[in-house]
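# Structural overview for review
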Amino acid sequence: MNQSQPNDSPALQKKNRTMNILAFGAAAALLAAAGLFLTGVIGECSANPLAKFGVKTVGSGIALADITEFYYTYSSSTNPPEYQRYRFYTAEGRHMFYHEKREGDHWPLRETDITVSGTLELSEQEWARFFDCLKGGEVRKRRESADSGSAGPWLFLYLKGDRSKYQEYSFPSLKARTDFEELCVRLKDTRTKKDE
């Protein structure tokens, strides 16, 4: 800051005081803006500690009624290659389950390689069981990953009014994933028995 010297002219002293006042005002304004910004960020993060990272949690930030589709896809290029997809979705107010298995001697496996598939309308209890398997899991923006070439499973959850921001899902634990896979096998077996 400018300091007035005793031998400075009155005009120069007045100019220095004005500069000091302006500098002090600008610093105060910057501090106030930073304080407001940090208050907003801290307030948002304390309400939801994951908010600043763009993550939602199933069961607290995402309700059962918010879910429109969920995809589980496993695709491996092993010999022989493996492909399994499970899809839970809503259509015309009904809750549905779809599964497909692809088999062949080449990779990638295509739709023409589907050997088993089926669709099943779910009861409210089955739909709630599906949701229970997802509870506590996180949904975030789809992003590039070092796992992009892996077999997966690839997990995508779609919400009402959002088909672009939140999509990539991760189970809260290995047990939750295992429970989900067991539910899918039971539903697939139910569908197969109905077709026999």
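Residues numbered from 1 in each chain as written. Predicted model: local features only at pLDDT ≥ 70, side-chain atom pairs only at ≥ 80, totals over all residues. Heavy atoms only, no water.

Attention now moves to helix H2 (residues 124-134). Along H2, the positions that sit buried rather than exposed are Trp127, Phe130, Phe131, Cys133 and Leu134. Projected down its long axis, H2 shows its buried positions confined to an angular sector of 155 degrees, all on one face. With its phi angle positive at about 85 degrees, Gly136 sits one or two positions after the end of H2. (Buried < 20%, exposed > 50% of the residue type's maximum accessible area, 1.4 Å probe, protein only. Helix = DSSP H or I, 4+ residues; strand = E, 2+ residues; numbered from the N terminus. Arc of directions from axis to C-beta.)

That bond from Trp107 to Pro108 is cis: its omega, 5 degrees, falls within 30 degrees of zero. Tracing the sequence through the fold places Pro108 in the loop between strand S4 (94-102) and strand S5 (114-121). Between Gly152 and Pro153 the backbone carries a cis peptide bond, its omega angle lying at 15 degrees. With respect to the helices, strands and loops of the structure, Pro153 is situated in the loop between strand S6 (138-140) and strand S7 (154-159).

Glancing now at the pairing of strand S2 (residues 67-76). Counting buried positions over the 10 residues of S2 gives 9, a clear majority of the element. Looking at chain direction, S2 and S7 are connected through 6 bridges and run antiparallel. When the bridges of S7 are listed, Phe70 appears paired with Leu157. Here S2 folds back onto strand S3 (residues 82-91) in antiparallel fashion, the turn holding 5 residues. (Pairing = 2+ DSSP bridges.)

Time to look at the confidence of the model for the chain. Taken residue by residue, the chain gives an average pLDDT of 78. The fraction at 70 or more is 66%. Segment residues 33-53 is flagged for pLDDT under 50; beyond a separation of four residues in sequence, or across chains, it makes 8 contacts in the model. (pLDDT = per-residue confidence, 0-100. Contact = heavy atoms within 4.5 Å.)

A full pass over the atoms with the stated rule returns 13 aromatic pairs. On the numbers, 5.4 Å between centres and 85 degrees between planes, the contact of Phe70 with Tyr169 is edge-to-face. Remark: Tyr169 occurs in strand S8 (residues 168-170) and Phe70 occurs in strand S2; sequence separation between them is 99 residues. Residues Phe88 and Phe97 carry aromatic rings whose centres are separated by 5.0 Å and whose planes lie at 55 degrees to one another, so their mutual orientation is tilted. The exposure class of Phe88 is buried, given its relative accessible area of 0%. Classification of Phe97 as buried rests on a relative accessible area of 0%. Of the aromatic side chains, those joined through ring pairs into one cluster are Phe70, Tyr72, Tyr86, Phe88, Phe97, Trp127, Phe130, Tyr169, Phe171 and Phe180. In this arrangement the basic side chain of Arg87 is found over the ring face of Tyr89, its NZ or CZ atom lying 3.8 Å from the centre. The aromatic ring of Tyr83 is capped on one face by Arg102, whose charged end is 4.0 Å from the ring centroid. (Phe/Tyr/Trp six-rings, centres within 6.5 Å; stacked < 30°, edge-to-face > 60°. Lys NZ or Arg CZ within 6 Å of the ring centre and 35° of its normal.)

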